[in-house]
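Coordinates in review
Residues per chain are reported as follows:
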Amino acid sequence: MEALKEADVLADGVQTVNYSYLGSDINKPYYGDGTLGRAKADCEVKADNINDLLADINGKATIVVATAVTTKASSVIPFFPVYCMGLYRVMTDNGTHETPIMHQDRIYRDMLYGNNSEYDEKGRLRPDSWELNPDVQAATEALIEKINGDNFNSDLTGYDVFMKEYKNLNGFDVDGYEEDNDVTIEDLIALEY
């Protein structure tokens, strides 16, 4: 940001966005109290520095504390897939589960550039409020207590939602794709862009 400002290429009101995840008390050992938590704390210091740097051009560094979403990284963080299986079932039943794309859309359309911004006392945008709702957390914790090796992939959990989203990240199991349409190398060579 310093180099961009020195080059005088930043518009008045420029905004940077950095994503973070804090999670619930269940995830605190992995996020808030672990190595990831230290990186997130450093991010907040850097955002404050950027805010100071951009103040004279009405710029802003926004930290978005996102909700739990399926990513390649989230699939290998200890316990996190189990948490997501419980959370996704509860939020799907409540009508508040969002895919990563839906979540991004809400962040930008409704919160950053809309009228439904929710900021915390540190000035962070908090679209994770749906996840951290006390009723959602209580139901998620209760469900997680029931998950075991025999039922983790049943309708009891959000396993199917988690796996579909994970496959979608890699281009598989995408709604609207017709498997019967074989794509040949010739089809790919003929593509124009």
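Keep in mind the model is a prediction, meaning the values are calculated, not measured.

**Side note on the overall build of the chain**
- For the chain, the helix and strand inventory stands at 8 helices and 2 strands.
- The secondary structure elements of the chain, listed N-terminal to C-terminal, are α-β-α-β-α-α-α-α-α-α.
- Expressed along its principal axes, the backbone C-alpha trace of the chain runs to roughly 55 × 55 × 35 Å.
- Across the 193 residues that make up the chain, the buried fraction comes to 33%.
- In the chain, the proportion of contacts linking residues at least 24 apart, taken out of those at least 6 apart, comes to 70%.

**Some thoughts on the UniProt feature "domain: Trans-2-enoyl-CoA reductase catalytic" (unreviewed entry) in the chain**
- When the UniProt feature table is mapped onto this chain, "domain: Trans-2-enoyl-CoA reductase catalytic" (unreviewed entry) is found at residues 1-113.
- Between the first and last C-alpha atoms of residues 1-113 the distance is 21 Å; the span itself is 47% helix and 11% strand.

**Comments concerning the layout of surface pockets**
- Size it by volume and the largest pocket reaches roughly 260 Å³.
- What lines the largest pocket is a set of 18 residues, and nearest its centre among them are Tyr-21, Tyr-31, Thr-67, Val-69 and Thr-71.
- Of all the secondary-structure elements, those providing two or more residues to the lining of the largest pocket are strand 1 (15-20), helix 2 (35-54) and helix 4 (100-112).
- No other element matches the 3 residues that helix 4 contributes to the lining of the largest pocket.
- Tallied by class, residues from the lining of the largest pocket come to 11 nonpolar, 6 polar and 1 charged.
- Approximately 170 Å³ is the volume attributed to the second largest pocket.
- Along the walls of the second largest pocket sit Leu-22, Gly-23, Ser-24, Asp-25, Lys-28, Gly-32, Leu-132, Gln-137 and Glu-141, which together make up its complete lining.
- Considering only residue class, the lining of the second largest pocket consists of 2 nonpolar, 4 polar and 3 charged.

Definitions and cut-offs
Residues numbered from 1 in each chain as written. Predicted model: local features only at pLDDT ≥ 70, side-chain atom pairs only at ≥ 80, totals over all residues. Heavy atoms only, no water. Helix = DSSP H or I, 4+ residues; strand = E, 2+ residues; numbered from the N terminus. Buried < 20%, exposed > 50% of the residue type's maximum accessible area, 1.4 Å probe, protein only. Contact = heavy atoms within 4.5 Å. UniProt positions renumbered as here; feature names shortened; annotations may be inferred. 1 Å grid on protein atoms, 1.4 Å probe; cavity = no way out; pocket = protein on both sides within 12 Å on 5 of 7 lines; lining within 4 Å. Points joined across faces, edges and corners; volume = space filled by probe spheres on them. Nonpolar A, V, L, I, M, F, W, Y, C, P; charged D, E, K, R; others polar.

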